[in-house]
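# Topology and contacts: notes
As a plain string of letters, each chain reads:
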Amino acid sequence: MSLVDSYRRRGKKPKPFPVTKPTDVEVGDGTLTTYTYGQDLYDAMLDAIGRAERQILFETYIWKGDEVGERFKAALAAAADRGVEVYVIYDGFANLVVSPRFKRFPATMKVLRYPIYPAGWKFYDVTRYGRDHRKILVVDDAVGFVGGYNIGTPYATEWRDTHLRLTGPGVWDLKRAFADFWNLNRRRRIGTSERPLLLETSSTWESRIRLHRNVPRLWMFPIRSMYIEAINRASTNVWMTHAYFCPDQDFVDAMKDASHRGVDVRLLLPHKSNHIVADWISRGYFSQLLDAGVRIFRFKDAMVHAKTSTIDGTWSTIGTANVDRLSLQGNYEINLEVIDEAFAAVMEEIHLTDESNSLELTKSEWEARDLHRKFTEMILAPLRPLL
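Rules of the game
Residues numbered from 1 in each chain as written. Predicted model: local features only at pLDDT ≥ 70, side-chain atom pairs only at ≥ 80, totals over all residues. Heavy atoms only, no water. UniProt positions renumbered as here; feature names shortened; annotations may be inferred. Helix = DSSP H or I, 4+ residues; strand = E, 2+ residues; numbered from the N terminus. Axes fitted to C-alpha atoms, helices over the stretch in contact; angles between N-to-C directions. Parallel < 35°, antiparallel > 145°, perpendicular 65-115°, else oblique. Left-handed = near helix turned anticlockwise from the far one by under 90°. Contact = heavy atoms within 4.5 Å. Nonpolar A, V, L, I, M, F, W, Y, C, P; charged D, E, K, R; others polar. Pairing = 2+ DSSP bridges. Core = buried A, V, L, I, M, F, W, Y, C linked by side-chain atoms within 4.5 Å. Buried < 20%, exposed > 50% of the residue type's maximum accessible area, 1.4 Å probe, protein only. Domains from an automatic or database assignment.

## Here we look at the UniProt feature "domain: PLD phosphodiesterase" (unreviewed entry) in the protein chain
If you check UniProt for "domain: PLD phosphodiesterase" (unreviewed entry), the listed places come out as residues 128-155 and 300-327 in our numbering. The span residues 128-155 is 11% helix and 32% strand, and its two end C-alpha atoms sit 29 Å from each other. In the segment residues 300-327, helix accounts for 11% and strand for 50%; the C-alpha atoms at its two ends are 24 Å apart.

Rendered as structure tokens:
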């Protein structure tokens, strides 16, 4: 199926899509800025790297060795050359196809390549198989970035994603998240070990901003619970955008229950994602969602890669976790939870903008789908617990 899908997409370029401009919202002593267009985000990230004075913490899942990837590599190397402490983490498996030349870094940079096979001799330990799917940038103590964007030229203009820039006390939570991962996975040598990344503890925190981390090694997966609890509390609306939607039945039941009690539940997905198997598996849930009154929108002409939700005009989340088993019960992930009406209003505006470029799936259209589609959904159903 993947080969057929690749052939069908060959030579086809994504079309332009509507986006919202970067928008600032003050929350406590900090500011949250949303980005829905990759080039805007990359400009802001590179500007922050260029202004760094003491420390840069950079973590990404995919880091392509193309024009955009080279710009980030050069900016990080230049910062290290002027005396800034530069720490870099990238996932080895996600970057298998990236040139080995690109993955050679200056000695002035501290680089942790999360291994392709992280279990080592403990092949029996399922907690060691998660991928590092996080995307984080922290510069000094001043600014942090987190969200769905990987690093690469296609993501700058061709993919619709959502990322967040934050200032204030929340930056410390991102720093701790990076440091904890670095110290948990830093490579060891015979007779010695790399120096751990030590951080001071922030004296303040913002109660309206909470950072949730999935940490497989510690068997911690709070992001799924965060979603289900928020959906269960919903009384007005639940608007969700996800690149890949392969939930467990409890997650689906929470959405159905919310719709049954009169909540406006909407799910926005790619019309065609970059993983056709994920698309077909997600469609296996459409019948029960549509029967419950959940509205399903399919973003057209480009890949929507965002992992966001907003509920009741007060609660929102932006992060790296998809709604699938790999993200919610397998990978290292990070999501920011924000309790703020002004920020929720921005998230609702983003969702409505995306809906303007989407096709709504009606129940009659779904019931009239071809027999081979129904057959494919049935054949792929056993894969749901794996994805």
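Now that the structure has been shown, we can carry on.
## A closer look at the packing of helix H6 (residues 222-233) against helix H7 (residues 249-260)
Direction vectors running N to C along H6 and H7 enclose 20 degrees, while the axes themselves pass 9 Å from each other. Classified by the interaxial angle, the pair formed by H6 and H7 is roughly parallel. Of the two possible hands of crossing, H6 and H7 adopt the one that is left-handed. Facing Arg224, Tyr227, Ile228, Ile231 and Asn232 of H6, the residues of H7 in contact are Asp250, Phe251, Ala254, Met255 and Ala258. Residues of the contact of H6 with H7, tallied by class, amount to seven nonpolar, one polar and two charged.

## Remarks on unusual backbone geometry
In the Ramachandran plot, Trp219 falls in the positive-phi region, its phi being about 55 degrees despite a non-glycine side chain. Along the chain, the position of Trp219 falls in the loop between strand S12 (209-214) and H6. Backbone geometry at Asp312 places phi at a positive 60 degrees, although glycine is not the residue there. Tracing the sequence through the fold places Asp312 in the loop between strand S18 (307-311) and strand S19 (315-319).

## Some remarks on the sheet that holds strand S22 (residues 358-361)
A sheet is described by the order of its strands in space; here eight strands give the open sequence S12-S21-S19-S18-S13-S15-S16-S22, paired in mixed fashion. The sheet is open, and its two edges are formed by S12 and S22, each paired on a single side. The average angle at which neighbouring strand axes cross in this sheet is 15 degrees, direction not considered. Inspection of the sheet shows strand S13 (residues 237-242) paired to strand S15 (residues 264-270) by five bridges, in the parallel sense. Bridging across to S15, Asn237 finds its partner in Asp264. Contacts from helix H11 (residues 341-355) reach S13, S15, strand S16 (295-299), S18, S19, strand S21 (333-339) and S22 within the one sheet, and its direction differs from that of S19 by about 65 degrees.

## Considering the nonpolar core
Counting residues in hydrophobic clusters, the biggest one holds 43 residues, and the most contacted among them are Tyr42, Ile56, Phe58, Trp63 and Phe72. Looking at this core, the elements with two or more residues in it are helix H2 (38-51), strand S3 (55-60), helix H3 (67-81), strand S4 (85-91), strand S6 (136-139), strand S7 (143-147) and helix H4 (153-157). Two domains share this core, each providing at least three of its residues, namely domain 1 (16-207) and domain 2 (218-383). Apart from residues no more than four positions distant in its own chain, Tyr42 is found in contact with Val68, Phe72, Tyr149, Asn150, Ile151, Gly152, Tyr155 and Ala156.

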